[in-house]
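# Notes for the structure review
One-letter residues, chain by chain:
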Amino acid sequence: MSDKTEPIGPATVVVVSGGSRGLGLAIVEDILAKGAKVAAFARTVTPELEALAAAHPDRVLAASVDVTDVKAINSFLKETEARLGPIDALVNNAAMGQDSLHVHTSPEQIAKIIETNLTAPLLLARAVLRRIMAKGNRGRIVMVTSVCAQRGYSGLVAYSATKGGLDSAMRTLAREMHGRALVNSVAPGFFASEMSSVLGQTQLDTITRRTPSGRLVEPENIVPVVRTLLFDDTNINGQVITVDGGNSI
Amino acid sequence: MTALSRDAIRTMMAEVLQAQGKAMPVDDGANLEQIGFRSLDFSELALRVEDEIGEELNFDAPELRQIATISDVLDFLEQLQAA
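Predicted model, so just to flag it, every value in this text is computed and none were measured.

Time to look at the overall build of chain A. In terms of regular secondary structure, chain A is built from 8 helices and 7 strands. Expressed along its principal axes, the backbone C-alpha trace of chain A runs to roughly 60 × 35 × 35 Å. The burial tally for chain A puts 41% of its 249 residues in the buried class. For chain A, contacts bridging at least 24 residues in sequence account for 70% of all contacts bridging at least 6.

Take a look at the structure:
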């Protein structure tokens, strides 16, 4: 007898949005290393993701899909199930950044950030959960949010709102999907690579000194946390796990 | 859209229960709580019906809270298809 209170099993077919570079690509590689199948999409498929798909044609599906294109997303999910089998996990990673004061951000740009970082991930989670439930299956969802959802950082008003919104939705989904899905967020701090592109070395040194762990966050720090949420039986559900070297404490 | 018959929905409901090792009672007046058919089981059934008819059946939670028996489930899904 299938008891719905049994632990939800490890992920077997994982959809990763924004999986072509940086953290998304590192997550894709790690899922593969764990032996699961992965369907990754991004607006642009990088040579790195293409190479993974070519090396593992039976375990990796890669496509160029805009996360805000609902029709294309649904086609991609259908193709994923036809090629790799029933989807049972999602890493909602795709997002666009912001670096502008709120008073100088156009209404159109604010709407675009909300569509990409909040509406699209909600619709993607809805589509994946509908597929999981229609088959009577269970699954796992990981939202990649940000420490910005918890602390104020200048130049990131709309971005922070979307990440906070996603964390809130995550908690409600975790409750709503009672026994059918584990839903959690991983909230990275600022990556060293991101910060170095907008900050000078002196500022970077100051931030690093103020970080209790003594170092800024790298994608490699986030990957094991996502791995645990996708594969381990931890009973972690409805939580935001912040990975920022303790900078926000 | 070709609507599913009451019998076809009943068969699907039995399949949802069967997948959990539960039996579908003969009596449509049976209470859902007693047979272990929960709200997410209803969602699963609605999604299976959607798959068959090729159309989404979206509804608000208060409507779902009125459902107490197998008969209520079948009535509700018939109404949703007709709406």
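UniProt marks residues 3-81 of chain B with the feature "domain: Carrier" (unreviewed entry), using the numbering shown here. Regarding residues 3-81 of chain B, the helix share stands at 63% and the strand share at 0%, and the terminal C-alpha atoms are separated by 6 Å.

All names here are of chain A. Grouped together as the largest cluster of nonpolar side chains are 76 residues, with contacts concentrated most on Val14, Val28, Val128, Val142 and Leu230. Tallying contributions element by element places helix H4 (residues 107-134) first for this core, with 8 residues. Apart from the residues lying within four places of it in its own chain, the contact partners of Leu230 are Ala11, Val14, Ile31, Ala89, Arg140 and Val142.

By the secondary structure assignment, Leu216 of chain A is in the loop between helix H7 (201-210) and helix H8 (219-231). Distance from Leu216 of chain A to Val240 of chain A, taken between C-alpha atoms, is 19 Å for residues 24 residues apart in sequence.

Residues and elements named next belong to chain A. Bridge analysis of strand S2 (residues 37-42) against strand S3 (residues 60-64) gives 5 bridges, and the strand direction is parallel. Paired with Phe41 across the strands is Ala63, a residue of S3. At this point the chain moves from S2, through helix H2 (residues 47-55), to the parallel S3, and the crossover so formed is right-handed.

Here we take up the interface of chain B and chain A. Contact residues are listed per partner, giving 10 residues for chain B and 9 residues for chain A. Looking at the side of chain B that touches chain A, the elements with two or more residues in it are helix H1 (6-19) and helix H3 (39-53) of chain B. Broken down by element, the side of chain B that touches chain A gets its largest block of residues, 6 residues, from H3 of chain B. The residue makeup of the side of chain B that touches chain A, split by class, is 4 nonpolar, 3 polar and 3 charged.

This part takes up the environment of Asp60 of chain B. Residues and elements named next belong to chain B. By secondary structure assignment, the location of Asp60 is in the loop between H3 and helix H4 (61-65). Residue Asp60 is classed as exposed on the basis of its 7 C-beta neighbours within 10 Å. Spatially, the C-alpha atoms of Asp60 and Asp27 are 27 Å apart, while their sequence positions differ by 33 residues.

This part is about the sheet that holds strand S5 (residues 139-144) of chain A. Residues and elements named next belong to chain A. Judged by pairing direction, the sheet is parallel, and its 7 strands sit side by side in the order S3-S2-S1-S4-S5-S6-S7 without closing on themselves. Pairing within the sheet leaves two strands with one partner each, and these edge strands are S3 and strand S7 (240-243). Averaged over all pairs of adjacent strands, the angle between their axes in this sheet comes to 15°, without regard to strand direction. Here helix H5 (residues 157-176) sits on the sheet in contact with S5, strand S6 (181-188) and S7, set at roughly 160° to S6.

Scoring rules and cut-offs
- Residues numbered from 1 in each chain as written.
- Chains lettered and ligands numbered in written order.
- Predicted model: local features only at pLDDT ≥ 70, side-chain atom pairs only at ≥ 80, totals over all residues.
- Helix = DSSP H or I, 4+ residues; strand = E, 2+ residues; numbered from the N terminus.
- Buried ≥ 20, exposed ≤ 12 C-beta atoms within 10 Å, placed from the backbone.
- Contact = placed C-beta atoms within 7 Å.
- UniProt positions renumbered as here; feature names shortened; annotations may be inferred.
- Core = buried A, V, L, I, M, F, W, Y, C linked by C-beta atoms within 7 Å.
- Pairing = 2+ DSSP bridges.
- Right-handed = clockwise from strand over helix to strand, strands pointing away.
- Nonpolar A, V, L, I, M, F, W, Y, C, P; charged D, E, K, R; others polar.
- Axes fitted to C-alpha atoms, helices over the stretch in contact; angles between N-to-C directions.

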